[in-house]
Amino acid sequence: MTRVYVFDTTLRDGEQVPGCQLNTIEKIEIAKALEELGVDVIEAGFPISSPGDFESVVEVSKAVKKPIICALTRARKEDIDVAAQALEKAKRKRIHTGIGASDIHIKYKFNSTREKVLQQAVEAVRYAKRFVEDVEFYAEDAGRADVKFLAKMVEEVIKAGATVVNIPDTTGYCLPDEFGAKIRYLFENVKNIHKAIVSVHCHNDLGLATANTLFGVLNGARQVEVTVNGVGERAGNTSLEEVVMILKTHKSLGLETGINTKKIYPTSRLVSRLMRMPVQPNKAIVGRNAFAHSSGIHQHGVIKHRLNYEIINPKDVGVKTSEIILTARSGRAALKHRLELLGFKLSKQELDRVYKEFLKLADKKREISDQDLLSLMGKRAKGAIYLEKVEVLCGYPLEPVAKVVVRVDGERKEAVAAGNGPVDSVYKALDKIIGRKIRLEEFLVQAITGGSDDVGRVHVQISYKGRVYYGYGADTDIVVAAAKAYVDAVNKLKVQR
Ligand code: KIV
Ligand code: ZN
């Protein structure tokens, strides 16, 4: 097996996304998780860009010892000086410097010429070599660059001492075979190419980042630049989990990474939570529905044998089990399976009867939860919570206070709590009743049509003892929808324990 190095840029390119900024403590937490995950390089920031980025590179350098810590610069001495300073405490360090390689960048970004840009590139690498042995050079917008000029640039920067050459498809423009051919061209035409590692760094503007990265690797690149959950500028960067699982799933490619794949899902959750960036439910590998089966035929197939419809064992990426989502399209086999997991063993006649009722309910509701099944069975989960009342006092400049009234196994319970906002106060009041250390991982509000009198839908994900539960609630009052979603998630936790 040939090793492909994983260069993670969640903390640099990933963190450039508006609204996803992390503070230094959060960056350290993610960097430690990336170390556990087994990435080879962590790009910790762009030190000259802000004092916060500088500090993050310093602190990540101190906190993380196994991976190489990398700092980004432009091809400028002042950037390189600051990066070298930020990396001082790193056990293994790399400076990542570079400049635009496409004529578009040369003309419209730098107002320069190919000759001048080439010279600046070589000088930047030579200068960075004064501080660190390991210098990576990026040829920005290589995806749209003239391949002959790119080859010249790559050859010159390797001569100047670059240990890694990064070929980015900065604008996510390339087609996979075109990008792969560009990498192949470099291997065939750059004399000293084997003195450096070729890296690929793809953006996802056309949804091709993973495919382009793969074609890069198939044509000789041995480092992939990726982010967790594919976060990054615009449509994002290549997602770590996709590339890693492609190589693991297709062993015949003869390529492997050093990633401990069982840590993929927990790392994805951590990044999503700290960046306040929900993962789309159908995201490959780490989306909520990535291992959820909802059509009857698929459910039947998976229940018979997982391999019928799953190419990855969910446990391999740290997801406990695959899920069977019951909908109006689910068949008897899925219903029977789900009921068995809830402890119900039914005869064929009983199953037929329940299946009819189930279909009626499923026509009204989109998804049938365990709670719905329990009520269908004329039984309630022990300890299930039924929301009776939500009252919130809030406004400016009041501190929001909520009172919630619920029924648990027929017993009325109420609690009052103050919080940062109306939803927070409701959740704190519910937490008092629930009495368990529940963590809110994700909170998403959607309006159905967008008007202010509209029904709001709330999706939440909570975690308890390392397991994640999803909840949904809808109401014209968004705070009530939030309460319903939380209770829905907590009740799933109770049924499943
Ligand atoms: O997309 C890009 O070209 C980059 C470089 C700075 C490496 O992020
Ligand atoms: Zn980038």
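As shown above, the structure is provided for reference.
Residues numbered from 1 in each chain as written. Chains lettered and ligands numbered in written order. Predicted model: local features only at pLDDT ≥ 70, side-chain atom pairs only at ≥ 80, totals over all residues. Heavy atoms only, no water.

Applying the stated criterion across every chain, the model contains 36 salt bridges. Asp53 is the salt-bridge partner of Lys27, the closest N and O atoms lying 3.3 Å from each other. Here Lys27, found in helix α1 (residues 24-37), pairs with Asp53, found in helix α2 (residues 51-63); they are 26 residues apart in sequence, far enough to count as distant. A salt bridge links Arg306 to Glu310; its shortest N-O distance comes to 3.4 Å. What emerges from the salt-bridge pattern is a single network uniting Glu29, Arg273, Arg439 and Glu441. (Salt bridge = Lys/Arg side-chain N within 4 Å of Asp/Glu carboxyl O. Helix = DSSP H or I, 4+ residues; strand = E, 2+ residues; numbered from the N terminus.)

So, on to the packing of helix α6 (residues 147-159) against helix α7 (residues 176-189). α7 packs onto α6 with a crossing angle of 55 degrees between their chain directions and a minimal axis gap of 10 Å. Here α6 is positioned oblique relative to α7, judged by the angle of their axes. Crossing hand, α6 versus α7: right-handed. Touching Val147, Lys148, Leu150, Ala151, Val154 and Glu155 of α6 are Lys182, Tyr185, Leu186 and Asn189, all from α7. Of the residues in the contact of α6 with α7, the class split is six nonpolar, one polar and three charged. (Axes fitted to C-alpha atoms, helices over the stretch in contact; angles between N-to-C directions. Parallel < 35°, antiparallel > 145°, perpendicular 65-115°, else oblique. Left-handed = near helix turned anticlockwise from the far one by under 90°. Contact = heavy atoms within 4.5 Å. Nonpolar A, V, L, I, M, F, W, Y, C, P; charged D, E, K, R; others polar.)

On to unusual backbone geometry, then. With an omega dihedral of 0 degrees, the bond running from Tyr396 to Pro397 counts as a cis peptide bond. Here Pro397 is to be found in the loop between β13 (385-393) and β14 (401-408). Of note, Asn229 is a non-glycine position whose phi angle comes to about 65 degrees, a positive value. Tracing the backbone through its elements, the reader meets Asn229 in the loop between β9 (223-226) and α9 (240-249). A relative accessible area of 12% means that Asn229 is categorised as buried. Residues other than glycine seldom take positive phi values, yet Ile285 does so here, at roughly 70 degrees. When you line up the elements, Ile285 lands in the loop between α10 (264-275) and β11 (292-293). (Buried < 20%, exposed > 50% of the residue type's maximum accessible area, 1.4 Å probe, protein only.)

Spatial strand order, β2-β3-β4-β5-β6-β7-β8-β9: eight strands in a closed barrel with parallel pairing. Neighbour to neighbour, the strand axes of the sheet diverge by 25 degrees on average, direction disregarded. Bridge analysis of strand β7 (residues 164-169) against strand β8 (residues 197-202) gives six bridges, and the strand direction is parallel. For Asp169, the partnering residue across the bridge sits in β8 and is Cys202. Running over the sheet, helix α8 (residues 209-218) touches β7, β8 and β9 and is turned about 165 degrees from β8. (Pairing = 2+ DSSP bridges.)

As a further point, take the packing of helix α12 (residues 332-341) against helix α13 (residues 348-364). The geometry of a pair of packed helices is captured by two quantities: the angle between their axes and the separation between those axes. Across the interface, α12 lies against α13 with an axial gap of 10 Å and an inter-helix angle of 105 degrees. Taken together, α12 and α13 sit at an angle that is classed as roughly perpendicular. Of α13, the residues touching α12 (which contributes Arg332, Leu335, Lys336 and Leu339) are Leu351, Asp352, Val354, Tyr355 and Phe358. Its residues assigned to classes, the contact of α12 with α13 shows six nonpolar, no polar and three charged.

Turning to the side chain of Glu310, a few remarks are in order. Take Glu310: it is sitting in the loop between α11 (296-304) and β12 (323-324). A polar contact is formed between the side chain of Glu310 and the side chain of His293, at a distance of 2.7 Å. Here Glu310 is in contact with Phe291, His293 and Ser322, once residues within four sequence places are set aside. (Polar contact = N/O pair within 3.5 Å; in protein donor to acceptor, adjacent residues only side chain to side chain.)

Attention shifts here to the coordination of the zinc ion (ligand 2). Each donor-metal-donor angle would ideally measure 109.5 degrees in four-coordinate tetrahedral geometry, or 90 or 180 degrees in six-coordinate octahedral geometry. Protein coordination of the zinc ion (ligand 2) is provided by Asp13 (OD), His201 (NE2) and His203 (NE2), with donor distances spanning 2.0 to 2.1 Å. In the primary structure, the donors to the zinc ion (ligand 2) are separated according to the pattern D-x187-H-x1-H. With Asp13 in the loop between β2 (5-8) and α1 and His201 in strand β8, the pair connects residues that are 188 residues apart, well separated along the chain. No difference in accessibility class separates Asp13 from His201, as the two residues are buried. (Donors = N, O, S within 2.8 Å, 3.2 Å for Na, K, Ca; no water.)

The next point concerns the packing of aromatic side chains. The full count for this structure, using the stated rule, is four aromatic pairs. Ring geometry for Tyr127 against Phe131: centres 5.4 Å apart, planes inclined by 75 degrees, an arrangement best described as edge-to-face. Residue classification places Phe131 among the partly exposed residues on the basis of a relative accessible area of 37%. Between Tyr427 and Tyr486 the ring centres are 4.0 Å apart and the planes differ by 15 degrees, which places this aromatic pair in the stacked class. (Phe/Tyr/Trp six-rings, centres within 6.5 Å; stacked < 30°, edge-to-face > 60°.)

Another aspect to go through is the pairing of β7. Here β7 lies mainly inside the structure; six of its six residues are buried. Because side chains alternate across β7, one face comprises the buried residues Val164, Asn166 and Pro168, and the other comprises Val165, Ile167 and Asp169, equally buried. Bridge analysis of strand β6 (residues 135-140) against β7 gives three bridges, and the strand direction is parallel. Residue Phe137 lies in a different strand from β7, and its bridge partner there is Val165. In the classification by handedness, the crossover that spans β6, the intervening α6 and the parallel β7 is right-handed. In this fold, the crossover linking β7 to β8 by way of α7 has right-handed handedness. (Right-handed = clockwise from strand over helix to strand, strands pointing away.)

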